[in-house]
Amino acid sequence: MTHVVTESCILCKYTDCVTVCPVDCFHEGPNFLVIDPLECIDCTLCVAECPVDAIYLDADLPNGMEEYPELNTQLAKTWPVLIQKKPALADAETWGKVRDKRIYLVTGEHPTETALPEPSAPLEEYKRTPEFDREHIPAGLLHDHHTKAGVWGRIVILEGRLRYCLDDGSGRNWSLSPERPAWIPPDVPHHVEAADMVRFYVSFWR
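Residues numbered from 1 in each chain as written. Predicted model: local features only at pLDDT ≥ 70, side-chain atom pairs only at ≥ 80, totals over all residues. Heavy atoms only, no water.

**Q** Looking at this structure, how should I read the overall build of the protein chain?
**A** Counting secondary structure elements, the protein chain contains four helices and 10 strands. When the helices and strands of the protein chain are placed in sequence order, the string is β-α-β-β-α-β-α-α-β-β-β-β-β-β. Counting only C-alpha atoms and orienting by the principal axes, one finds that the protein chain spans roughly 60 × 30 × 30 Å. Within the protein chain, the proportion of its 206 residues that are buried is 45%. When contacts within the protein chain are restricted to residue pairs at least 6 apart in sequence, those whose partners lie at least 24 apart make up 79%. Per element, the accessible surface of the protein chain, about 10600 Å² overall, is 51% carbon and sulfur. Computing the positive centroid from 19 side-chain charges and the negative centroid from 33, the protein chain places the two 8 Å apart. (Helix = DSSP H or I, 4+ residues; strand = E, 2+ residues; numbered from the N terminus. Buried < 20%, exposed > 50% of the residue type's maximum accessible area, 1.4 Å probe, protein only. Contact = heavy atoms within 4.5 Å. Areas by Shrake-Rupley, 256 points an atom, 1.4 Å probe, with all protein chains shown as cover. Lys, Arg positive; Asp, Glu negative; His and termini not counted. Charge placed at Lys NZ, Arg CZ, Asp CG, Glu CD.)

**Q** How should the packing of aromatic side chains be read in this particular structure?
**A** Each aromatic ring pair is summarised here by two numbers: the centre-to-centre distance and the angle between the ring planes. Under the criterion given, the structure shown has seven aromatic pairs. Between Phe-32 and Tyr-68, the aromatic rings sit 6.1 Å apart at their centres with planes inclined by 65°, giving edge-to-face as the arrangement. Placement of Phe-32 in the loop between strand E2 (26-28) and strand E3 (33-35) and of Tyr-68 in helix H3 (residues 68-76) is noted, with a sequence separation of 36 residues between them. Residue classification places Phe-32 among the buried residues on the basis of a relative accessible area of 0%. Residue Tyr-68 is classed as buried on the basis of its relative accessible area, which comes to 1%. With a centroid separation of 5.2 Å and an interplanar angle of 75°, the aromatic rings of Trp-183 and Trp-205 are classed as edge-to-face. Highlighted residues: Trp-183 in strand E9 (residues 182-184) and Trp-205 in strand E10 (residues 190-205), separated in sequence by 22 residues. This pair shows no difference in class: Trp-183 is buried, exactly as Trp-205 is. Members of the aromatic cluster, connected to one another through ring pairs, are Phe-32, Tyr-68 and Trp-79. A cation over a ring is seen here: Arg-206 above Tyr-126, with NZ or CZ 3.9 Å from the ring centre. (Phe/Tyr/Trp six-rings, centres within 6.5 Å; stacked < 30°, edge-to-face > 60°. Lys NZ or Arg CZ within 6 Å of the ring centre and 35° of its normal.)

**Q** How do you make sense of the pattern of salt bridges when you look at a structure like this?
**A** Pairing is possible between side chains of opposite charge, provided their charged atoms come close. Evaluated as defined, the whole model comprises eight salt bridges. If you follow the salt bridges from partner to partner, you end up with Lys-13, Glu-28 and Lys-86 in one network. (Salt bridge = Lys/Arg side-chain N within 4 Å of Asp/Glu carboxyl O.)

**Q** Explain empty space enclosed by the protein to me, please; I cannot follow it from the model alone.
**A** The probe, sized like a water molecule, is rolled over the atoms to show the empty space still left. The full count for this structure, using the stated rule, is one cavity of 30 Å³ or more. Taken together, 15 residues make up the lining of the largest cavity; nearest its centre are Cys-21, Cys-25, Cys-40, Cys-43 and Cys-46. Of the residues belonging to the lining of the largest cavity, the class tally is 12 nonpolar, two polar and one charged. (1 Å grid on protein atoms, 1.4 Å probe; cavity = no way out; pocket = protein on both sides within 12 Å on 5 of 7 lines; lining within 4 Å. Points joined across faces, edges and corners; volume = space filled by probe spheres on them. Nonpolar A, V, L, I, M, F, W, Y, C, P; charged D, E, K, R; others polar.)

**Q** Is there a simple way to explain the layout of surface pockets in this structure?
**A** Looking at the largest pocket, its volume works out to about 310 Å³. Glu-7, Ser-8, Met-65, Arg-99 and Asp-100 are the residues nearest the centre of the largest pocket, which is lined by 17 residues in total.

Quick look at the structure:
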């Protein structure tokens with residue numbers, strides 16, 4: 001048996017657990033920690049130290065967390081060992097209360113962090129949508145759709161995060177934030193995915 005870091009750690013990355021671990025079993029990714037099952041000695045010391053209750057024995061995982069033992073195993077093979085405490089992520093206190101964060105896990109193994117597309121020439125905004133939150137996102141934005149030829153969209157996040165996914169077969173997707181808006185190229189199929197906390201609008205340019 002081994003201990004497993006689960007979804008609650010995503011976008012928080014508290015490292016209190018590392019300070020009490022007697023072995024080097026924690027590995028650090030961009031917005032998540034994992035436990036190497038080959039190094040973990042099941043001492044349980046880390047469990048009580050996690051402020052967001054993200055660590056469980058693999059035999060006691062909550063419902064919906066079944067994929068995390070394999071995620072921990074695979075990511076521990078490529079992520080560096082973390083041996084000392086570091087500051088949590090900037091919005092950790094807020095994101096610690098959010099559920100369904102799996103879509104925001106950044107592994108560094110997939111081309112999700114390639115540069116966002118940008119228009120090559122100046123554009124002028126001609127229309128924008130009302131503000132949307134998670135409960136009021138139009139169904140059309142949540143599945144494959146595209147802007148027409150010559151029209152660029154721009155997703156502007158006012159609060160929280162939103163994942164912007166291309167449906168062009170490339171698998172590329174990005175986690176957007178107030179500091180990171182996104183341009184939507186003309187005629188490129190895409191959709192968005194929302195966590196619990198988000199407020200945004202879409203503007204249109206040509």
